[in-house]
Each structure stands twice: as C-alpha cells, then as structure tokens.
Amino acid sequence: MILLDGLATSQQIKQEIAVEVQHLKAQGHRPPHLAAVLVGENGASLTYVNAKVKACEEVGFQSTLVRRDGDISESDLLELVKELNSNPDIDGYIIQLPLPTHINEHNVLLAIDPIKDVDGFHPENVGRMALGLPCYLPATPAGIIELLKRYNVPTVGKHCVVIGRSHIVGLPMSILLQRNSYPGNCTVTITHSKTTNLNELCRQADIIVAALGKPEFLKADMVKEGAVVIDVGITRMADPSKKSGFRLAGDVDFAGVSGKCSFITPVPGGVGPMTIVSLLMNTLEARKRQI
Ligand code: NAP
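Numbers given to residues run from 1 along each chain, matching the order in which its sequence is written. The predicted origin of the model limits local features to residues at a pLDDT of at least 70 and limits the giving and counting of side-chain atom pairs to 80 or more, whereas totals for whole chains, interfaces and linings rest on all residues. Side-chain numbers here rest on the full set of heavy atoms in the structure, without hydrogens or water.

A.B. asks: Would you take a moment to explain the site of the ligand for this structure?
C.D. replies: The cutoff for a nearby residue is simple: one of its non-hydrogen atoms must lie within 4 Å of the molecule or strand. Close contacts around the ligand come from 21 residues, with R165, S166, S193, I234 and T275 the closest. Here a nitrogen atom of the ligand and a backbone polar atom of H192 are 3.4 Å apart. Here a polar contact is taken to be a pair of N or O atoms separated by no more than 3.5 Å, where protein atoms must pair a possible hydrogen donor with a possible acceptor and residues adjacent in sequence count only if both atoms sit in side chains. Interatomic distance of 2.8 Å between a side-chain N/O atom of T275 and an oxygen atom of the ligand. Only the protein chains shown count as covering a residue, and every accessible area follows the Shrake-Rupley method with a 1.4 Å probe. For the ligand, whose free accessible area comes to 930 Å², the fraction covered by protein is 72%. Secondary structure elements are taken from DSSP: a helix is a run of H or I of four residues or more, a strand is a run of E of two residues or more, and numbering for both begins at the N terminus. It is helix α10 (residues 271–290) that contributes the most residues to the shell around the ligand, 3 residues altogether.

A.B. asks: Got a minute to help me understand the domain arrangement of the chain in this structure?
C.D. replies: Frequently, the measure chosen for interface size is the accessible area removed from exposure when the parts meet. We note that the domain assignment places domain 1 (28–113) and domain 2 (139–272) within the chain. Segmentation of the chain into domains, including their bounds, is taken from an automatic or database domain assignment. A separation of 28 Å is found between the C-alpha centroids of domain 1 and domain 2.

A.B. asks: Please clarify how empty space enclosed by the protein should be interpreted in this entry.
C.D. replies: One way to see where empty space is left: roll a probe the size of a water molecule over the atoms. The definitions used throughout rest on a 1 Å grid laid over the protein atoms alone, on which a cavity is an enclosed set of points accommodating a 1.4 Å probe that cannot get out and a pocket is an open set flanked by protein within 12 Å on both sides along at least five of seven lines; lining residues are those having an atom within 4 Å of a point. Grid points are joined across faces, edges and corners, and a volume is the space filled by probe spheres set on the points. Applying the stated criterion across every chain yields a total of 1 cavity of 30 Å³ or more. As a volume, the largest cavity reaches approximately 30 Å³. Residue contributions to the lining of the largest cavity peak at 3 residues, all from strand β4 (residues 92–95). Basically, the charged four are Asp, Glu, Lys and Arg, the nonpolar ten are Ala, Val, Leu, Ile, Met, Phe, Trp, Tyr, Cys and Pro, and anything else, Gly included, counts as polar. A class-by-class count of the residues in the lining of the largest cavity yields 6 nonpolar, no polar and 2 charged.

A.B. asks: What is the right way to look at helix α1 (residues 6–26) in this model?
C.D. replies: Quick reminder: α-helices carry 3.6 residues per turn. Residues three or four places apart thus point the same way. Its 21 residues give α1 an end-to-end C-alpha distance of 30 Å, which sits within 8% of 30 Å, the value for a rise of 1.5 Å per residue. Residues of α1 that are buried: G6, T9, S10, I13, K14, I17, V21 and L24. Seen end-on, α1 carries its buried residues on one side only, within an arc spanning 140°. The exposed residues of α1 that point more than 90 degrees off its buried face are Q15 and A26. It only takes one pair of heavy atoms within 4.5 Å for two residues to be counted as in contact. In the core, the buried residues of α1 are packed alongside α2 (43–59), α6 (139–150) and α10. The distance from a side-chain oxygen at the start of α1 to the backbone nitrogen of L7 is 3.1 Å, and the residue carrying that oxygen is D5. After α1 finishes, the residue G28 shows a positive phi value of roughly 90°. Given a helix with a known number of residues, its expected span is that number minus one, times 1.5 Å. Note on classification: 1.4 Å probe, protein chains only; a residue is buried when its accessible area is under 20% of the maximum for its type, exposed when over 50%, partly exposed between these limits. Taking the helix axis as origin, the arc is that swept by the directions to the C-beta atoms.

A.B. asks: Sorry, what's going on with the sheet that holds strand β1 (residues 2–3) here?
C.D. replies: The pairing of strands in a sheet comes from backbone hydrogen bonds and takes either a parallel or an antiparallel form. If you trace the 6 strands from one edge of the open sheet to the other, you get β1-β11-β8-β7-β5-β6, paired in parallel fashion. In the strand order of this sheet, the two ends are held by β1 and β6 (187–191), each with one partner. Two strands pair when backbone bridges link them, and strand β7 (residues 207–210) and strand β8 (residues 227–231) are joined in this way by 4 bridges, in the parallel orientation. In the sheet register, I207 faces β8, and the bridge partner there is V228. Two strands are said to pair when DSSP picks up at least two bridges between them.

A.B. asks: So what exactly am I meant to see when it comes to the layout of surface pockets here?
C.D. replies: Looking at the second largest pocket, its volume works out to about 450 Å³. The wall of the second largest pocket is formed by 23 residues, among which L137, A142, E146, M281 and N282 lie closest to the centre. Contributing elements (two or more residues each) for the lining of the second largest pocket: α1, α6 and α10. Per-element accounting of the lining of the second largest pocket gives the leading share, 7 residues, to α10. A per-class count over the lining of the second largest pocket returns 11 nonpolar, 3 polar and 9 charged.

See below:
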C-alpha cells in the first residue's frame, strides 16, 4: 500500500509556486494577491480561511482576510463582491462557504467575476470545466487530480465510484475523472444518498472517491483488493484528549481499508493540504492572466 501523502506533495508544490513568485517579482511584477471573505463566526470556516492565508504567506503571495458579521445583508455582501471584482490589486478571491442561511449562496457566487473566481464555483468556470476549456478548476477535485498525477496512479480504463454529488467535490470530481486525459479516462459512477446498491458498486470499483461527510463510512468489506481510495471527508469529532477538543475524521475506515488498497490518502494530511495548494495554483494563474 502506498500512502498518497498530500502534505508532502503540497509542500513540494508550494516550493514550486514560491519559485514562480520570485520569477514574477524579478520581472518587475507584484506577487499574486488572494482575498478571502469570511462571513460570521463558524469555527471550521475560520480554521480553513486561516490555513489559506497562512499558505499564501508561505509562498510569497499577498493575502487579505475580509471579515463580515454573520448578520450582513445579502445586498451588502453583493456590494463587497462588486468592490473585489473591480479592485485591480486583487487577482482572485474566495467567499468561504457556507454562508449564513439568510443569504442566497447562488446569488453571491453568480456575482463573482469569473476571472477572479479562484474557487472555480462560478457557472462559467463549471461550464468550461465540463467542456474541457481553460478555467479555474474547483480546488478539492483539482488537488486530487494533481495527487493522482504526481504518484502516477493508473486511471485509464479504471472504474471509479464517486460517493457524493456536491457541486464542490463529487460532481466536478466525476467530470474530471472521465475526461479524455491523464489523470482521467475512467469509467465513472457517481453515487448519492438515494443510490440503492452502493456497497456492490464500491466492491466493483478500481478507484473510490469518498466525499459524503460521514465519518468512517467506507468499510473494508466495501473495497476490493488493490483499489485506490481517496478520502475527501473531514468531520470534526469530539475528542477531549486533544487540545482543540476535537479530531478530524475522514469518510474512510482507514485502519480497516488501508491494508486492501494499492494507494490511499490519509486524513488529515491527504486531500486537505492539496485543496489549499490548488487554490494557490489558481491564484498564481489569475495573476499571470492579468499580466
Ligand atoms: P455535501 O454537500 O454534504 O454532499 C454530500 C454528498 O454525499 C451528497 O451528494 C449526498 O447525497 C451524499 N451522501 C450522503 N450520505 C450518503 C450515503 N449514505 N451514501 C451515498 N451518498 C451519500 O458535502 P461536500 O461539501 O461534498 O463534502 C463532503 C465531505 O468532504 C465533508 O466531510 C466535507 O467536510 C469534506 N470536504 C473536504 C475538503 C477537503 O479539502 N479535504 C473539501 C471540501 C469538502 P445527496 O445529494 O443525495 O444528499
């Protein structure tokens, strides 16, 4: 079994990005600038946003954290989006999800200028991804693709089962894995909570991407020998032995499943760090597009 080490891979990619930033600066350009908008006080969101800001610092990007109270009106948030769209000093920005329930997420995502949409959530970028045109790929699926590529994981002709069909993970993952490229050329089955024969499908899978948000859902008896298992799940589980009071659990029963796998990602240290590094890659791309 080979561990797909997202942490080590992300560090390698960060070094590569830092070199590119130095090149940009040597040519007289300013470094890439990412803004992150955080609405409200969601603890997990704050952790994710802080990790993104810290990653920017590590590679020499500028970053700006824009915080707004949880009771901000939708129109005020849309006004902020407008300002970010027209600010020439910001190359790309993200609106950390989820947003408070009184705000229509769709309206906000639609208002983002696709050129600055480094999360790749705007319908224009999603459409371009589906058509195989240049675009910003959503960070988590892009990070998984990069990890598969860097470990030369065989994908051509493989049957991949994606568990979950969310717009940010499962659905784009299924699109990317079926593309006529490497990594890709899989035969993809996308599954969800109404799928009736999930265990059976998983047992047939050469590659399983578990992205449903149910801790340790994927058990050894659902995985065939030699399968590749990508664990996207991150759930905070209460753990009084930890200083933070919680531990992170993936969607895969790692202890049971890993022995059967040819490749597997750990949680933490697998898909999570690759997601952040993909956002950096998109922001670097956004900067280059402005030059
Ligand atoms: P989501 O929006 O809640 O979507 C979950 C998907 O899983 C839905 O499509 C749902 O089906 C499906 N599902 C739920 N129970 C299922 C079951 N028993 N069998 C089959 N499918 C089932 O979640 P998400 O945003 O995609 O995130 C999924 C997990 O990944 C979460 O733990 C999240 O924290 C984590 N995540 C990690 C990263 C990272 O960087 N590592 C990034 C993003 C998300 P329906 O559509 O029928 O409801």
